[in-house]
Amino acid sequence: MSKNKKLKVGVYGITGCAGCQLSIIFNEEEILDLLSLIDLKAFPFIKELNTDEEFDYVILEGLVANKLDLEILRKLRKNSKMLISLGACACTGCVPAYRHFTLKENYEHLLYKRQEELQDIEPSPHDEHVKVDYYIPGCPPDKKEILRFIKGSVRGVLPRPHQNPVCIECRRNGNACLLDEGKPCLGPITTGGCNAVCINGGLECWGCRGPTKDMNLELMIKILRDRGFDDRFIQDRMRTFAGLKLPMLERVMQGSKSKVLQTRFDGEKKFYE
Amino acid sequence: MQVLRLEKKRLLHFLDVVKKGFEIIAPVKSDLVRFSKIYHAEEIYLEKQSYFPVKEYFFRKEETLFQFRGTSITVPAYAAKKRMFFGLRRCDLNAIKNQDIVFIGDMGDPYYKAARENSYLLGYHCNTAPSPYCFCGSLDLVDFFDLMFFDKEDHFLVEVGSERGKSLAEKYREFFTDSQRLITQNEKRIPGVHRLENKDISGFYDHQDWKKGADICLSCGACTTLCPTCYCFEIHDEVKTADPCKGERRREWSSCQLQEFTRVAGDHIFRKEREDRFKHRIYHQLQYFKEKYGVQMCVGCGRCIEGCPTRIDFVRILNEMKNGKTENNG
């Protein structure tokens, strides 16, 4: 493979914690091989010399939270054949987008009213502004998944995006179901690909990789209600990482109230066994 | 078949001696009951049925099928440890038999075959139903084991079920005495496991009651993962970063309950509806497999019900279809 035939790649970040870019670097053992596969034109996070030009693809971390972010996003989109959204902020809006569900007046006096130069706009993921060609979700994203994407791009075969719920990997790993233990696990409605890493460690899924296309949201809400969680809690939990991807949440919550739906077929009242 | 007698107090000693020649896999209770490698015979837990099935030791969760380098292929050696499985229930054993039909009889799968050929199957007969979800008695299970242990208070009666079982009993003859009697058919019956009244479901495909199950289904795939007979998988390639022309092809468990599972070329999904997928699982278990191989795939262990987050009891749904009860029960 001659050098000029290599794919020109840029890695950038807008508003975010830089953890997703770190996830790329965490592939320590393979990072040098990785760099020989592609022509990394820009990666300001770790590189001194960066050239802004025509890219084959740009991997972009972070979400749009101010005007500068939006300018960068649009410019990169224009300069690149493909745009890859990296991480939960880029794909779903993640925690910063939770602002949509709170009252701005309650907290803006703390900082935004004091500093004139801070001019924010509604926090939003990439695909609300430009076309996104591929998503690598997760908070943080799985480092192996990033690697798989880059390797796939070199071969001209992009990996099939994950669509299955977290439960598939979770059960395969031999975990006990946290819903049975009474924990508010969102695994059944959350896109997998993370190897159920949180549940392997005993923490319930918070849904950082966003909802699956095939989710049974109504049933999930009902299950959580039956396990004693109130609507406020359920709503907050579901909106923490992917609120903007669940625009129907309020409607479904209202609608499912009147509907009789048994969440335990055997009619047992006891959830802790 | 030959029947031997083993005093109960000698069981642990027996297993400890066997452990020197084999890796013993038996049910162990941690948070849940699962089949694991035994280090001390006292770890074995026989009171309840295992939550996870034993199939992962034969049809592995992840299997490397071959390594490739460009277009040349290297198939790995089909190595498998010499293992003795202890504490398999009648349902577990029949599930292995049913997977044998698919992987050995039908496909000649060398990975599965190697694991099976190196395994000795020692069963443990249920005197009572080990789980409230059991319904193995409704299905046509057969005797399939190398040795079967019948729990008789202070001793075990051990029935020999195969030539391998016989040679195994010969090898450890010092632990066994000859039994004065045989095992009767009545002793092999497990009480309270005949819940499924509706085994022939060919006429129920369009029945409205399927919705009862599909409505409370999350499509999480717990049922198929915990099923001892479900054998669906998907295949993908993993390439090396140093050289993307090199890599390996892997097989891993998948589930018919997923939309992705039926996504085909042209992005068409042919079982898009949850109800279709739910129905497909039951039909595969109770009808399609029987049409093809002459035996039902389901062995009635009830793990798919016990492990389901909403406990979808398809046995009850099927019974209600047959008895014409359509009201939602609560």
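Keep in mind the model is a prediction, meaning the values are calculated, not measured.

*Asks:* Outline the overall build of chain A, supporting the account with residue identities and numerical values.
*Replies:* Of the regular secondary structure elements, chain A holds ten helices and seven strands. Relative to the compact-globule value of 19 Å for 273 residues, chain A shows a C-alpha radius of gyration of 21 Å, a close match. Taken over 273 residues, chain A has a buried fraction of 53%. Considering only intrachain contacts with a sequence separation of at least 6, the fraction spanning at least 24 residues in chain A is 72%. For chain A, the accessible surface area stands at approximately 13,300 Å², while carbon and sulfur atoms represent 55% of it.

*Asks:* Go over helix 3 (residues 110–117) of chain B with me, naming the residues and quoting the values.
*Replies:* Burial in helix 3 of chain B covers these residues: Tyr111(B), Tyr112(B), Ala114(B), Ala115(B) and Arg116(B). Contacts from the buried residues of helix 3 of chain B go to strand 4 (62–69), helix 2 (90–106), strand 7 (119–124), helix 4 (163–171) and strand 12 (246–253) of chain B.

*Asks:* Tell me what's going on with the nonpolar core, and back it up with residues and numbers.
*Replies:* Within the largest apolar cluster, 64 residues are counted, with the highest numbers of intra-cluster contacts made by Leu217(A), Met238(A), Leu286(B), Phe314(B) and Leu318(B). Broken down by element, this core gets its largest block of residues, six residues, from helix 8 (residues 217–226) of chain A. When sequence neighbours within four positions are dropped, the list of residues in contact with Phe314(B) reads Phe135(B), Phe278(B), Ile282(B), Leu286(B), Cys298(B), Cys304(B) and Ile305(B). Listed in part, the 29 residues of the second largest apolar core include Ile38(B), Phe149(B), Tyr172(B) and Phe176(B).

*Asks:* I'd like a description of the side chain of Arg251(B), backed by residues and values.
*Replies:* Residue and element names in this part refer to chain B. One can find Arg251 in strand 12. Given a relative accessible area of 3%, Arg251 falls into the buried group. Only 2.8 Å separates the side chain of Arg251 from the side chain of Asp109, close enough to count as a polar contact. If we ignore the near neighbours within four places in the chain, the residues touching Arg251 are Phe59, Lys61, Glu62, Glu63, Leu65, Phe103, Asp109, Tyr111, Phe233, Glu234 and Ile235.

*Asks:* Please set out the pairing of strand 3 (residues 33–37) of chain B residue by residue, giving values where relevant.
*Replies:* Residues and elements named next belong to chain B. Pairing of strand 2 (residues 23–29) with strand 3 involves five bridges; the strand directions are antiparallel. Residue Lys29 lies in a different strand from strand 3, and its bridge partner there is Val33. As consecutive antiparallel partners, strand 2 and strand 3 are separated by three residues.

Reading the values: rules and limits
- Residues numbered from 1 in each chain as written.
- Chains lettered and ligands numbered in written order.
- Predicted model: local features only at pLDDT ≥ 70, side-chain atom pairs only at ≥ 80, totals over all residues.
- Heavy atoms only, no water.
- Helix = DSSP H or I, 4+ residues; strand = E, 2+ residues; numbered from the N terminus.
- Rg over C-alpha atoms; globule rule 2.2 N^0.38 Å.
- Buried < 20%, exposed > 50% of the residue type's maximum accessible area, 1.4 Å probe, protein only.
- Contact = heavy atoms within 4.5 Å.
- Areas by Shrake-Rupley, 256 points an atom, 1.4 Å probe, with all protein chains shown as cover.
- Core = buried A, V, L, I, M, F, W, Y, C linked by side-chain atoms within 4.5 Å.
- Polar contact = N/O pair within 3.5 Å; in protein donor to acceptor, adjacent residues only side chain to side chain.
- Pairing = 2+ DSSP bridges.

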